[in-house]
Amino acid sequence: MKFLITLICTLMLLPAQEKKSDPAPNAIAVYWKTLDDKEKEIFLFSYLTQVYDTHQEMIKNLGYGEVTTWYFDNKAEMVYGIFDQVDQSGMNEFIGWIDEYYTHEEFSGNSFDDALSFAFRFQQAAGETLWEKYENLKYGKIKPKN
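Remember, it's a predicted structure, so these values are computed and weren't measured experimentally. (Residues numbered from 1 in each chain as written. Predicted model: local features only at pLDDT ≥ 70, side-chain atom pairs only at ≥ 80, totals over all residues. Heavy atoms only, no water.)

### Brief notes about the overall build of the protein chain
Here is the rule we go by: Numbered from the N terminus, helices here are DSSP runs of H or I no shorter than four residues, and strands are runs of E no shorter than two. We call a residue buried when its accessible area falls under 20% of the maximum for its residue type, exposed when it is over 50%, and partly exposed in between, using a 1.4 Å probe and counting protein chains only. Contacts are assigned to residue pairs that have any heavy atoms within 4.5 Å of one another.
Within the protein chain, the secondary structure is distributed over 7 helices and 0 strands. Out of the 146 residues in the protein chain, the part that is buried amounts to 30%. Considering only contacts within the protein chain whose residues lie at least 6 apart along the sequence, 55% involve residues at least 24 apart.

### Some words on the confidence of the model for the protein chain
This is how the line gets drawn: Per residue, pLDDT measures the predictor's confidence, with a range of 0 to 100.
With 67% of its residues at a pLDDT of 70 or more, the protein chain has an overall mean of 76. Helix H7 (residues 130–138) is the least confidently modelled element of the protein chain, averaging 54 in pLDDT, while helix H3 (residues 37–62) averages 91, the highest of any element. pLDDT under 50 marks residues 139–146. Its contacts with residues more than four places away, or in other chains, come to 15 contacts.

### Side note on the packing of helix H5 (residues 91–103) against helix H6 (residues 112–124)
Quick reminder of the rule: Orientation is described by lines fitted to C-alpha atoms, with helices fitted over the stretch in contact, and by angles between N-to-C directions that extend from 0 to 180 degrees. Angle categories are assigned with fixed cut-offs, so that under 35 degrees is roughly parallel, over 145 is roughly antiparallel, 65 to 115 is roughly perpendicular, and the rest are oblique. If you view the pair so one helix is near and one far, a crossing is left-handed when the near helix is turned anticlockwise from the far one by less than a right angle, and right-handed when it is turned clockwise. Residues were grouped as follows: Ala, Val, Leu, Ile, Met, Phe, Trp, Tyr, Cys and Pro as nonpolar; Asp, Glu, Lys and Arg as charged; and all remaining residues, including Gly, as polar.
Between H5 and H6, whose axes approach to 8 Å, the crossing angle comes to 125 degrees. Here H6 runs oblique to H5, going by the angle between their axes. Read as a crossing pair, H5 and H6 show a hand that is right-handed. For the pair H5 and H6, the contacting residues are Glu93, Phe94, Trp97, Ile98, Glu100, Tyr101 and Tyr102 in the first and Phe112, Asp114, Ala115, Leu116, Phe118, Ala119, Phe120, Phe122 and Gln123 in the second. When its residues are assigned to classes, the contact of H5 with H6 shows 12 nonpolar, 1 polar and 3 charged.

This is the structure:
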């Protein structure tokens, strides 16, 4: 009887020992990696413009209600900030941060908005290297570049 109980308990623990699967990359992450620099610039500008245009259309058609406010808070606000940053520093640096995000396989299943958020935060952070920017972000020492 002890043998049977031990065997059952052991078999119950086997699923807990399974290797966790790698995250499945999402379609945008796969597509992004296939683009060259010029195509990435076009894709990014189109994406940002689409979010901006959608927000403006929502304001025009729905006014400043709950849905429009939610869209601004969750999508459009960051896009407006990105447009400001892109005007100052150009698309290439921003595209480089998105590329950096997607080089990490653990992020390949995340949304494109997550990549944009990463790029936006790191573009604003003070520091020359990725490590300096990380440290400045980690300790709240974000200082916009002049």
